[in-house]
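Coordinate analysis (summary)
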Amino acid sequence: MIRNETEYQEAAARLSDEQKRLIDHRARLKGAGLTDEEIKRVIDPMESFHMQLQEEVHSYERLKQGEFEELDNLRGFGHLLISLRIAGGISQRELAKRLEVHESQVSRDERNEYFGITLERAIKILDALNVRLRTKVETKPSQQMATA
């Protein structure tokens, strides 16, 4: 996951470089007389990496525009906290300052996607990000009702 503007710029540049490399490599393989099937076997892993990087870049761009994915039973909550920081244009340094912790703590928390944080800490982070989180509760039909 891209967590800041510097990482985004580096990933975008790498994406452009990789695209050129893929085109050049495909042309060299074709020039060496490989069949389309052989070229595909060689290029597929490179394209897979390229597509993953492309998705990370696009995901960061969506976050900057304030587009978030839905949570299901709070799965992905840590990712949401990081996304909210990015969408708010708040650096890890600024968030650390607001939370009155060292920047390395925020960096470590984000690297672990806030795994295992307390509810109290999550509330402090949301407050520091100036975010109000609202929930919608949906109950599942019980097994007995579903089979009746």
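Residues numbered from 1 in each chain as written. Predicted model: local features only at pLDDT ≥ 70, side-chain atom pairs only at ≥ 80, totals over all residues. Heavy atoms only, no water.

Let us look at the packing of helix H3 (residues 77-87) against helix H6 (residues 119-128). Direction vectors running N to C along H3 and H6 enclose 20°, while the axes themselves pass 10 Å from each other. Taken together, the axes of H3 and H6 lie roughly parallel to each other. Where H3 crosses over H6, the handedness of that crossing is left-handed. Residues Phe77, Leu81 and Leu84 of H3 lie in contact with H6, whose contacting residues are Ala122, Ile125 and Leu126. Across the contact of H3 with H6, the residue classes tally to six nonpolar, no polar and no charged. (Axes fitted to C-alpha atoms, helices over the stretch in contact; angles between N-to-C directions. Helix = DSSP H or I, 4+ residues; strand = E, 2+ residues; numbered from the N terminus. Parallel < 35°, antiparallel > 145°, perpendicular 65-115°, else oblique. Left-handed = near helix turned anticlockwise from the far one by under 90°. Contact = heavy atoms within 4.5 Å. Nonpolar A, V, L, I, M, F, W, Y, C, P; charged D, E, K, R; others polar.)

How two helices pack is summed up by the angle between their axes together with the distance between the axes. At a minimum axis separation of 10 Å, helix H1 (residues 5-31) and helix H2 (residues 36-64) run at an interaxial angle of 160°. Relative to H2, H1 is oriented roughly antiparallel. For the pair H1 and H2, the sense of crossing is left-handed. The residue inventory of the contact of H1 with H2, partitioned by class, reads 14 nonpolar, four polar and nine charged.

This part takes up the environment of Ile117. Checked against the element boundaries, Ile117 lands in the loop between helix H5 (103-111) and H6. When the C-alpha positions of Ile117 and Val131 are compared, they lie 17 Å apart, and in sequence the two are 14 residues distant. Leave out the neighbours within four places in its chain, and Ile117 touches Leu81, Ala122 and Ile125.

So, on to the layout of surface pockets. By volume, the largest pocket amounts to about 650 Å³. In this structure, the largest pocket is lined by 17 residues; those nearest its centre are Leu71, Asp72, Asn73, Thr135 and Lys136. Partitioned by chemical class, the residues of the lining of the largest pocket number seven nonpolar, three polar and seven charged. Roughly 300 Å³ of internal volume is contained in the second largest pocket. As for the second largest pocket, its lining consists of 16 residues, of which Leu74, Phe77, Ile117, Leu119 and Ala122 are closest to the centre. Elements with a minimum of two residues in the lining of the second largest pocket: H3 and H6. Ranked by residue count, the leading element in the lining of the second largest pocket is H6, at four residues. Looking at the lining of the second largest pocket, its residues break down into 10 nonpolar, five polar and one charged. (1 Å grid on protein atoms, 1.4 Å probe; cavity = no way out; pocket = protein on both sides within 12 Å on 5 of 7 lines; lining within 4 Å. Points joined across faces, edges and corners; volume = space filled by probe spheres on them.)

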